Amino acid sequence: MSSTTTLQKEGNPTGNPGDGQPSDGLKAGLKNRHLSMIAIGGVIGAGLFVGSGGGIAKAGPAILISYALVGAMVVFVMRMLGEMAAASPNSGSFSAYADRALGRWAGFSIGWLYWFFWVVVLAVEATAGAAILESWIPAVPQWAWALIVMAVLTVTNLGSVASYGEFEFWFAGIKVVAIGAFVIVGMLAVFGLLPGSDNPGSGFAHLTDAGGFFPNGYGAVLTGVLMVVFSFMGSEIVTLAAGESENPRKAVTRATNSVIWRIGVFYLGSIFIVLTLLPWNDKSITEKGSYVAALDSIGIAHAGTIMEVIVLTAVLSCLNSGLYTASRMAFSLGERGDAPKAFAKVNKNGVPVAAILGSTVFGFVAVYFNYAFKDTVFNFLLNSSGAIALFVWLVICFTQLKMRGILVREAPEKLTVKMWLFPWLTWATAALIMFVIGYMFVDDANREVVTLSTLVAGLVVLVGVVLDFRRKRALQG
């Protein structure tokens, strides 16, 4: 496919991607406020609230460096993706760009892998949310709660893209307000300025008073990287959603430019507060969770219940976005002939019903596996999808290297967002991602995950290459 065709195909028929209705049948039902909150909430997953305690226990205060390294990697990847998405908004995002820049096999492979990642996440998050709901209302069994939350959010997504956006606006809003309040209240308590606080307010002393800033050695920073990297997955969702917004180009540009402060405040800021309120080796951090332990140290009443509400909101947000993301990727694959044609059809509201239902069905099956075959089938699904986030980011790097040349030749005026220090920073980011993947192979806790993920990715790539070869042979014949 020529680069001219590439640029004309994306966006609307007028040749002005970023303005007006999408040309693929989807409707521009997302408002600017929806996209803004999706962009902000996309980097705040349940993993931040639930998994940060383990990272702190492994690396101590140096976990801040781990978060900073992964945060920088995500910022760079989002800048690359923003460059391509602002030039040519597309519901398939990086999969569609890889299709055009690297070949049909690449778009096919990364698209299906990404879909697989999110439908497995649906089961994980549905189970996590069900566990919280069962603790509140034990009369309803956990498996029933999992089915209920899955069914409710499926109906929401089937309604219209605006209903998805509205739900996500409020889910993300609760997360943002909660973390913002935590940072402000925590900072006041750190310096002893919060009236009635039970925390002594030690300033920054806890960053070094329990074995120094690197209590477990410099190598613990890398261990921390592996523990926190997956909590950042989801930042790229806004580039898929932008294709159904009122002004995709503006939405993508704004989201890309704001990713630095979003990661800085919500990740680094909140973890910094935890580490300054409590010594890193305080047992309550791992026993209660980092945020609950921090709130308890201040004297906030019912901290555990408050955090359960916030975590449930984060879980529902992840479920809502996961179903949306999986369905739009399936829609894009269907539109390109890499998935059943039914996935590319939309109803009168511009909703890809078959793509949503297809993703939901697999999600329901995965939920069943989580209860019936947790240690076998579901464990395989979980491990074989675990490293896909890194594969996606790596493909984005290589795609952007190629797409920049296409855009410069064919439509330089569309380069409204540019990757910094191109191509050196792109190559450096790709090298860092490959280093993290390589380190996973030698890390006992992550070896099985990266090995199974690589095997599954290799199988999908092989299928993509074979299908691509057969298509070319058919065209030549």
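Treat the numbers as computed from the prediction; the structure is a model and nothing was measured. (Residues numbered from 1 in each chain as written. Predicted model: local features only at pLDDT ≥ 70, side-chain atom pairs only at ≥ 80, totals over all residues. Heavy atoms only, no water.)

## What about the overall build of the chain?
Across its full length, the chain holds 19 helices and 0 strands. Along the longest, intermediate and shortest principal axes, the C-alpha atoms of the chain span 75 × 55 × 40 Å. Within the chain, the fraction of its 477 residues that count as buried is 57%. Sequence separation of at least 24 residues holds for 81% of the intrachain contacts in the chain that already meet a minimum separation of 6. Carbon and sulfur atoms make up 68% of the accessible area of the chain, which amounts to about 18400 Å² in all. Across the chain, the centroid of the 31 positively charged side chains sits 11 Å from that of the 27 negatively charged ones. (Helix = DSSP H or I, 4+ residues; strand = E, 2+ residues; numbered from the N terminus. Buried < 20%, exposed > 50% of the residue type's maximum accessible area, 1.4 Å probe, protein only. Contact = heavy atoms within 4.5 Å. Areas by Shrake-Rupley, 256 points an atom, 1.4 Å probe, with all protein chains shown as cover. Lys, Arg positive; Asp, Glu negative; His and termini not counted. Charge placed at Lys NZ, Arg CZ, Asp CG, Glu CD.)

## Quick word on the packing of helix H14 (residues 303-335) against helix H15 (residues 353-372)
Remark: H14 packs on H15, axes separated minimally by 8 Å, with the N-to-C direction vectors making an angle of 120 degrees. In terms of their interaxial angle, H14 and H15 are classed as oblique. Once H14 is placed against H15, the crossing between them reads as right-handed. Judged by residue contacts, Leu323, Ala326, Ser327, Arg328, Ala330 and Phe331 of H14 engage Ala355, Ile356, Ser359 and Thr360 from H15. Looking at side-chain class alone, the contact of H14 with H15 contains 6 nonpolar, 3 polar and 1 charged residues. (Axes fitted to C-alpha atoms, helices over the stretch in contact; angles between N-to-C directions. Parallel < 35°, antiparallel > 145°, perpendicular 65-115°, else oblique. Left-handed = near helix turned anticlockwise from the far one by under 90°. Nonpolar A, V, L, I, M, F, W, Y, C, P; charged D, E, K, R; others polar.)

## Side note on the environment of Pro412
Relative to the helices and strands, Pro412 is located in the loop between helix H17 (388-410) and helix H18 (424-442). In sequence terms Pro412 and Gly224 are 188 residues apart; their C-alpha atoms lie 40 Å from each other.

## Details of the pattern of salt bridges
Inspection of every chain in the model, using the stated rule, returns 10 salt bridges. Across the pair Glu83 and Arg404 runs a salt bridge, and its minimum N-O distance is 2.8 Å. Placement of the pair is Glu83 in helix H4 (residues 63-87) and Arg404 in helix H17, with a sequence separation of 321 residues. Exposure class is identical for Glu83 and Arg404. Each is buried. We note a salt bridge from Arg328 to Glu244, for which the minimum N-O separation is 2.8 Å. Highlighted residues: Arg328 in helix H14 and Glu244 in the loop between helix H10 (237-241) and helix H11 (248-277), separated in sequence by 84 residues. (Salt bridge = Lys/Arg side-chain N within 4 Å of Asp/Glu carboxyl O.)

## As for the confidence of the model for the chain
Looking at the chain, the pLDDT average stands at 86 and 94% of residues meet or exceed 70. Contacts from residues 1-21, a stretch scored under 50 in pLDDT, to residues over four places away or in other chains number 47 contacts. (pLDDT = per-residue confidence, 0-100.)

## Some remarks on H18
Between the first and last C-alpha of H18 there are 27 Å, a value that for 19 residues agrees with the 27 Å anticipated at 1.5 Å per step. The complete set of buried residues in H18 reads Leu425, Thr426, Thr429, Ala430, Ile433, Val436, Ile437 and Met440. Viewed end-on, H18 has its buried residues packed into an arc of 145 degrees, placing them on one side of the element. In H18, the exposed positions that point more than 90 degrees away from the buried face belong to Trp424 and Val442. On its buried face, H18 is in contact with H4, helix H9 (220-228), H17 and helix H19 (447-476). (Expected span 1.5 Å × (residues − 1). Arc of directions from axis to C-beta.)

## Brief notes about a nonpolar patch on the surface
Together, Ile184, Met187, Leu188, Phe191, Leu193 and Phe204 give the surface a local cluster of nonpolar side chains, amounting to about 560 Å² of exposed area. Among the structural elements, Ile184 can be located in helix H8 (residues 161-190). (Patch = residues over 30% accessible without salt bridge, like charges linked within 9 Å, V, L, I, M, F, W, Y side chains within 5 Å.)

## Looking at H19
In an α-helix, one full turn covers 3.6 residues, which means residues spaced three or four apart are oriented alike. Helix length check: H19, at 30 residues, gives a terminal C-alpha distance of 43 Å against a target of 44 Å (1.5 Å per residue), a fit within 8%. Of the positions making up H19, those classed as buried are Val449, Val450, Leu452, Ser453, Val456, Ala457, Val460, Gly464 and Asp468. Each element contacted by the buried residues of H19 is listed here: helix H6 (104-136), helix H16 (374-385), H17 and H18.

## Overview of the packing of H4 against H9
With their axes 8 Å apart at the nearest point, H4 and H9 run at an angle of 55 degrees to one another. Here H9 runs oblique to H4, going by the angle between their axes. As for how H4 packs across H9, the hand of that crossing is right-handed. Along the contact surface, H4 presents Ile63, Ile65, Ser66, Tyr67, Leu69 and Val70, while H9 presents Ala220, Val221, Gly224, Val225 and Val228.

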